[in-house]
Amino acid sequence: MAGVEGRVVAITGAGGGIGRQHALLFAERGAKVVVNDLGGQRDGTGAGSEMADDTVKTILDAGGEAVANYDNVATPDGGEGVVQSALDAFGRIDVVVNNAGILRDRTFHKMAGAEWDAVVKVHLYGSYYTTRAAWPRMREQQHGRVIVTTSTSGLFGNFGQANYGAAKLGVVGLINTLAREGAKYSITANAVAPIAATRMTDDIMPAEMLEQLDPAYVSPAVVHLASDECDDTGAVILAGGGLYAQVAYFQSPGRRFDHVPSPDEVAEHWAAITDLTDAAPGHNPLEG
């Protein structure tokens, strides 16, 4: 089984929390790892090299291969820099794990534009910039794995996280399209929705729940999705506390009209339109 052995993996936000666990497991399985981390605070302010350097040291001390990168993925140059670090150190890029994230929670009524922008730029734009930098290389080599980090806050919503939730659902839209565009180049694109105890969640979840959510539980799913043997694409995998499950959109059978209905007719048949009893996985009607 080839797994990820010898593959070059760039992981954003890998200085701590879930990203660090990803980096350690990839290295343990024989991958060459670019550990990206800006080294800032949970809200995205500040910077430093210590977090990325510590993860790299841990990998090197264990006999693995890794280099540090401190770029800000919320900028085009930052995304390019992450991938360039992989090319400079290892000569190629096989896997991008978009994990970097910040929080600036606020109820929508009170949320400032700067709080919206900062979160969307790191999560959504950061995933775009880093993946976009790697994409031509993956196409050329006819192989690639793109993994984004979504969230239950984006999939299902969470109070006070309109900015975060919008960005996290946005990355699912990104991989839905990348899965189709990458298929003929043997590039897969998937999402993982972690549930884990990190500095991002330490004041969001109850303490008794956090005790059961070691971030190490998330990484096996990410490494599997990045492996040579896994050809799943366009999937959203929930991972946390020992549970691994796929999340998918479903569509009700609905009610078809042979004419443009009035609002009153739509209301009359609303129960049938929204009845999910015999729902099936949804699909893009433009694809047949």
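Before reading on, note that the structure itself is shown above.
Asker: Is there a simple way to explain the pairing of strand S8 (residues 243-247) in this structure?
Answerer: Strand residues, when the strand is regular, have side chains that alternate between the two faces of the sheet. Of the strand pairs in this sheet, strand S7 (residues 236-240) and S8 are connected by five bridges, and their pairing is antiparallel. Within S8, the residue paired with Ile237 across the bridge is Gln246.

Asker: Just to check I follow, could you spell out the layout of surface pockets for this structure?
Answerer: One simple way to see leftover space: roll a probe sized like a water molecule over the atoms. Put simply, the second largest pocket is a space of about 490 Å³. Elements represented by at least two residues in the lining of the second largest pocket include exactly helix H6 (162-182) and S8. When residues in the lining of the second largest pocket are grouped by element, the largest group, four residues, is from H6. Among the residues forming the lining of the second largest pocket, the class breakdown is nine nonpolar, seven polar and two charged.

Asker: Whenever I open this one, the packing of aromatic side chains confuses me. Can you help?
Answerer: All chains considered together, the criterion is met by two aromatic pairs. Centroid distance Tyr125 to Tyr129: 5.9 Å. Interplanar angle 70°. Geometry classified as edge-to-face. Pair noted here: Tyr125 and Tyr129 are both in helix H4 (residues 113-141), with a separation of four residues, about one helical turn. By relative accessible area, Tyr125 is classed as partly exposed at 40%. Overall, Tyr129 belongs to the buried group, its relative accessible area being 16%. Each ring, one from Tyr128 and one from Tyr129, has its centre 5.4 Å from the other, and the planes form 55°; the classification is tilted. Here Tyr128 falls in the partly exposed class, since its relative accessible area comes to 40%.

Asker: Looking at this structure, I do not really get the pattern of salt bridges. What am I missing?
Answerer: Opposite charge on two side chains permits pairing when their charged atoms draw close. Here the structure, examined in full by the defined rule, presents seven salt bridges. Measuring nitrogen to oxygen at the nearest pair gives 3.0 Å for the salt bridge that ties Arg7 to Asp228. In this pair, Arg7 sits in the segment before strand S1 (8-11) while Asp228 sits in the loop between helix H8 (219-226) and S7, placing the two residues 221 residues apart along the sequence. Among the residues examined, Arg7 registers a relative accessible area of 17% and is labelled buried. On the basis of relative accessibility, which here comes to 29%, the residue Asp228 falls in the partly exposed class.

Asker: Help me understand the nonpolar core in this model?
Answerer: What tends to happen in soluble globular proteins is that the nonpolar side chains get buried as a cluster. Membership of the largest hydrophobic core comes to 39 residues, with the highest contact counts inside it found for Ile93 and Val146. Per-element tally for this core: the top contributor is H4, with seven residues. In contact with Val146, not counting residues within four places along its chain, are Val96, Asn98, Thr131, Trp135, Met138, Leu178, Ile187, Thr188, Ala189 and Asn190. Judged by nonpolar contacts, the second largest core, of 31 residues, contains Ala14, Leu25, Ala31 and Ala66.

Quick notes on the rules
- Residues numbered from 1 in each chain as written.
- Predicted model: local features only at pLDDT ≥ 70, side-chain atom pairs only at ≥ 80, totals over all residues.
- Heavy atoms only, no water.
- Pairing = 2+ DSSP bridges.
- Helix = DSSP H or I, 4+ residues; strand = E, 2+ residues; numbered from the N terminus.
- 1 Å grid on protein atoms, 1.4 Å probe; cavity = no way out; pocket = protein on both sides within 12 Å on 5 of 7 lines; lining within 4 Å.
- Points joined across faces, edges and corners; volume = space filled by probe spheres on them.
- Nonpolar A, V, L, I, M, F, W, Y, C, P; charged D, E, K, R; others polar.
- Phe/Tyr/Trp six-rings, centres within 6.5 Å; stacked < 30°, edge-to-face > 60°.
- Buried < 20%, exposed > 50% of the residue type's maximum accessible area, 1.4 Å probe, protein only.
- Salt bridge = Lys/Arg side-chain N within 4 Å of Asp/Glu carboxyl O.
- Core = buried A, V, L, I, M, F, W, Y, C linked by side-chain atoms within 4.5 Å.
- Contact = heavy atoms within 4.5 Å.

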